[in-house]
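Here's the letter readout for the chains.
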Amino acid sequence: MSDYRDIQSAVRTEKARIWAAWVCGGIIWLIITNATRNVPVVSVITQVLLVVLGILSTITAVRMTNALNRKADAARREVLGDL
């Protein structure tokens, strides 16, 4: 049972890291977008990049979280003998 507990804590830690990186990246992009708001062409480019990269990073974070969930589920099945 300790194997499963170790895996669960590792999965929980990795999920926290994934979403913390997502939040930090979003904050950085918002700061960059705010800093370039007075330069018309650059402002539009950074806003478009903010939206596109925000969507892509969200999709990536969700996929990574789902992969971790599958790993934890496989570990649970192995521990419980539900193969």
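Residues numbered from 1 in each chain as written. Predicted model: local features only at pLDDT ≥ 70, side-chain atom pairs only at ≥ 80, totals over all residues. Heavy atoms only, no water.

Now for the nonpolar core. Core analysis: the largest hydrophobic core is formed by 5 residues, namely Val11, Ile18, Ala61, Leu68 and Ala72. Residue assignment for this core shows that the elements contributing at least two residues are helix 1 (2–35) and helix 2 (40–80). Per element, the largest residue contribution to this core is 3 residues, and it comes from helix 2. Among residues more than four places away in sequence, those in contact with Ile18 are Ala61, Met64, Thr65 and Leu68. (Core = buried A, V, L, I, M, F, W, Y, C linked by side-chain atoms within 4.5 Å. Buried < 20%, exposed > 50% of the residue type's maximum accessible area, 1.4 Å probe, protein only. Helix = DSSP H or I, 4+ residues; strand = E, 2+ residues; numbered from the N terminus. Contact = heavy atoms within 4.5 Å.)

Enumeration according to the criterion identifies 1 aromatic pair in this entry. Pairing Trp19 with Trp22 gives two aromatic rings, centres 5.5 Å apart and planes at 75°, and the pair type is edge-to-face. Here Trp19 pairs with Trp22, and both are found in helix 1, just 3 residues apart, close to one helical turn. Among the residues examined, Trp19 registers a relative accessible area of 30% and is labelled partly exposed. (Phe/Tyr/Trp six-rings, centres within 6.5 Å; stacked < 30°, edge-to-face > 60°.)

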